[in-house]
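Spelled out, the chains give:
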Amino acid sequence: MKKKVTKVPKFKDFKTTRATSSALEKILYKQIPILDHGFIRVIDYMGTDQSIVQAARVSYGEGTKKLREDRGLIRYLLSHWHTTPFEMCEIKFHIKLPIFVARQWIRHRTANVNEYSARYSVLDKEFYVPEMDQLGSQSTTNKQGRSNTLDKKFAKQAQDLIQKNSEQLYDDYQNLLNGKLLNNDEYVEGEGLARELARTTLPLNYYTQWYWKVDLHNLMHFLRLRADSHAQYEIQIYAEKMVEILKKWVPLTYEAFEDYRSDSFQLSKEAMKIVKDKLANKKIKKSNYKLSPRELRELEIKFNIKLS
Ligand SMILES: Cc1cc2nc3c(=O)[nH]c(=O)nc-3n(C[C@H](O)[C@H](O)[C@H](O)COP(=O)(O)OP(=O)(O)OC[C@H]3O[C@@H](n4cnc5c(N)ncnc54)[C@H](O)[C@@H]3O)c2cc1C
């Protein structure tokens, strides 16, 4: 009798009973370009809005009629910091990003990372050069930020310098790897330096790549901080693309995230007092409230009010 061979199912023949997002399926594996050489692409994911609702119902049971409505339940969970149902969903990205962006990114410890090894492989000649309109001066109000775009002529020179240095340092990297060093206009040949040390000549604008897997709760924490206008432009632009992905993946959670996290503002007890007094048409005197000048300024900006 002929031995039966198990047929490997083709992916398209495969029907799954798992929760899937058709909008996210459409962009799986597709590169979304970012900056001059970077990209982001979704490799895999687990769960959808329904998985959050399903997990929450384990703790709430069927609940009230109101709670049974998915959108209402998700908004309730997010606004009351009942965060564990969001941890039931996960997403895995492949990201190509400049090393200085990766340094900020890696501070988010609640993800799983696997990075390209420059000990094992040679880095490509790919480095980030900011566009002219990104070449801003040092901000005087925010020590960590940039301000107005530099004068055009100076910006061009700065851009050229970044380009030239990055190229020069890549040549040095290659020469170290190949054991070919310039000494008084003459090449001295020797054994190539190990990749793990030769890479130390490269600057922070060189690109690295990694796989980054995170659950939805921690992804939203990352996006809350990095899609914010205070984050550095070069990480912000990645986070903004990820917010678009979030919208495709879990639209109800995305809506609640926008409302309760990214577009919201936390009021302290003292700030609440000011808001309440203002609504009651009471006279506001800044010195009567225990808020720092910075806190008062932020409150004025957020509510578009002037406090005396
Ligand atoms: C605008 C901006 C400017 C910044 N400037 C600087 C800077 O100048 N210098 C600098 O060093 N960093 C800076 N950071 C990084 C910042 O301090 C955080 O390290 C980073 O945003 C990661 O946040 P996180 O720890 O909440 O995230 P995650 O590491 O993802 O952690 C998520 C949450 O898990 C919990 N958690 C995780 N690990 C631990 C732990 N070991 N112990 C207790 N709780 C834990 C915490 O509640 C934490 O909020 C900056 C960040 C931003 C957004």
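All right, on to the nonpolar core then. Judged by nonpolar contacts, the single largest core of 49 residues is most densely connected at Ile 91, Phe 93, Trp 105, Trp 212, Leu 216, Leu 219 and Trp 249. No other element matches the nine residues that helix H9 (residues 233–249) contributes to this core. Leaving out residues up to four positions away in the same chain, Trp 249 has contacts with Ser 21, Leu 24, Tyr 45, Met 46, Gly 47, Thr 48, Cys 89, Glu 90, Ile 91, Leu 216 and Leu 219. Counting residues in hydrophobic clusters, the runner-up holds 10 residues, among them Phe 127, Val 129, Tyr 173 and Ala 198.

Turning to the packing of helix H4 (residues 70–79) against helix H10 (residues 251–262), a few remarks are in order. A pair of packed helices is captured by two measures, namely the crossing angle of their axes and the spacing between those axes. At a minimum axis distance of 9 Å, the contact between H4 and H10 shows a crossing angle of 40°. Of the possible angle classes, the one that applies to H4 and H10 is oblique. Classified by chirality, the crossing of H10 by H4 is right-handed. Contacts between H4 and H10 involve Asp 70, Arg 71, Ile 74, Arg 75, Leu 78 and Ser 79 from the former and Leu 252, Thr 253, Glu 255, Ala 256, Phe 257, Asp 259, Tyr 260 and Arg 261 from the latter.

The next point concerns the domain arrangement of the protein. Structurally, the protein comprises domain 1 (17–123 + 205–264), domain 2 (129–137 + 148–204) and domain 3 (266–308). One C-alpha centre belongs to domain 1, the other to domain 2; they are set 34 Å apart. On the side of domain 2, 14 residues touch domain 1, which itself brings 13 residues to the contact. Taken together, the two surfaces of domain 1 and domain 2 that pack against each other cover about 1400 Å², and 50% of this comes from carbon and sulfur. If you sort the residues of domain 1 by the area they bury against domain 2, Arg 119, Asn 205 and Tyr 206 come out on top, with a joint share of 43%. Scanning the region where domain 1 abuts domain 2 turns up one salt bridge. Linking domain 1 with domain 2 are 13 residue pairs in polar contact (both at pLDDT 80 or more), by the criterion used here.

With that settled, the discussion passes to the sheet that holds strand S4 (residues 111–115). Taken together, five strands build an open sheet; the order of strands is S1-S2-S3-S9-S4 and the sheet is antiparallel. Lying at the two open borders of the sheet, with one neighbouring strand each, are strand S1 (32–34) and S4. In this sheet, neighbouring strand axes are inclined to one another by 25° on average, regardless of whether the strands run parallel or antiparallel. Both S4 and strand S9 (residues 207–215) contribute to a ladder of five bridges, which runs antiparallel. Considered in S9, the bridge of Glu 115 is made with Trp 210. Lying on the sheet, helix H8 (residues 216–226) is in contact with strand S3 (90–98) and S9; it crosses S9 at an angle near 130°.

Neighbouring the ligand are Arg 107, His 108, Arg 109, Thr 110, Gln 144, His 221, Leu 225, Arg 226 and His 230. A distance of 2.6 Å separates an oxygen atom of the ligand from a polar backbone atom of Arg 109. Side-chain polar atom of Thr 110 to an oxygen atom of the ligand: 2.5 Å apart, as the coordinates give it. Relative to its free-state accessible area of 940 Å², the ligand is covered by the protein chains to the extent of 48%. Among the residues making up the shell around the ligand, the classes are represented as one nonpolar, five polar and three charged.

Let us now look at the side chain of Asp 49. Topologically, Asp 49 is positioned in helix H2 (residues 49–60). Within the buried set, Asp 49 has no salt-bridge partner at all; the shortest N-O distance to an opposite charge, 9.6 Å, is to Arg 71. In this structure the side chain of Asp 49 is engaged in a polar contact, spanning 2.7 Å, whose partner is the backbone nitrogen of Leu 252.

Below, the discussion takes up H4. For H4, every residue scored as buried is listed here: Leu 73, Ile 74, Arg 75, Leu 77 and Leu 78. At the C-terminal side of H4, Trp 81 shows a positive phi close to 55°.

Scanning the entire structure with this criterion turns up 13 salt bridges. Here Arg 57 makes a salt bridge to Asp 70, at a shortest N to O gap of 3.4 Å. Pair noted here: Arg 57 is in helix H2 and Asp 70 is in helix H4, with a separation of 13 residues, a long-range link. The partner of Lys 156 in a salt bridge is Asp 160, with the nearest N and O atoms 2.8 Å apart. With Lys 156 and Asp 160 both in helix H6 (residues 152–178), this residue pair falls four residues apart, about one helical turn. A single salt-bridge network, built from bridges that share partners, covers Arg 71, Arg 75, Glu 255 and Asp 259.

Rules of the game
Residues numbered from 1 in each chain as written. Predicted model: local features only at pLDDT ≥ 70, side-chain atom pairs only at ≥ 80, totals over all residues. Heavy atoms only, no water. Core = buried A, V, L, I, M, F, W, Y, C linked by side-chain atoms within 4.5 Å. Buried < 20%, exposed > 50% of the residue type's maximum accessible area, 1.4 Å probe, protein only. Helix = DSSP H or I, 4+ residues; strand = E, 2+ residues; numbered from the N terminus. Contact = heavy atoms within 4.5 Å. Axes fitted to C-alpha atoms, helices over the stretch in contact; angles between N-to-C directions. Parallel < 35°, antiparallel > 145°, perpendicular 65-115°, else oblique. Left-handed = near helix turned anticlockwise from the far one by under 90°. Domains from an automatic or database assignment. Buried area = accessible area lost by both parts, 1.4 Å probe. Salt bridge = Lys/Arg side-chain N within 4 Å of Asp/Glu carboxyl O. Polar contact = N/O pair within 3.5 Å; in protein donor to acceptor, adjacent residues only side chain to side chain. Pairing = 2+ DSSP bridges. Near = heavy atom within 4 Å. Areas by Shrake-Rupley, 256 points an atom, 1.4 Å probe, with all protein chains shown as cover. Nonpolar A, V, L, I, M, F, W, Y, C, P; charged D, E, K, R; others polar. Lys, Arg positive; Asp, Glu negative; His and termini not counted.

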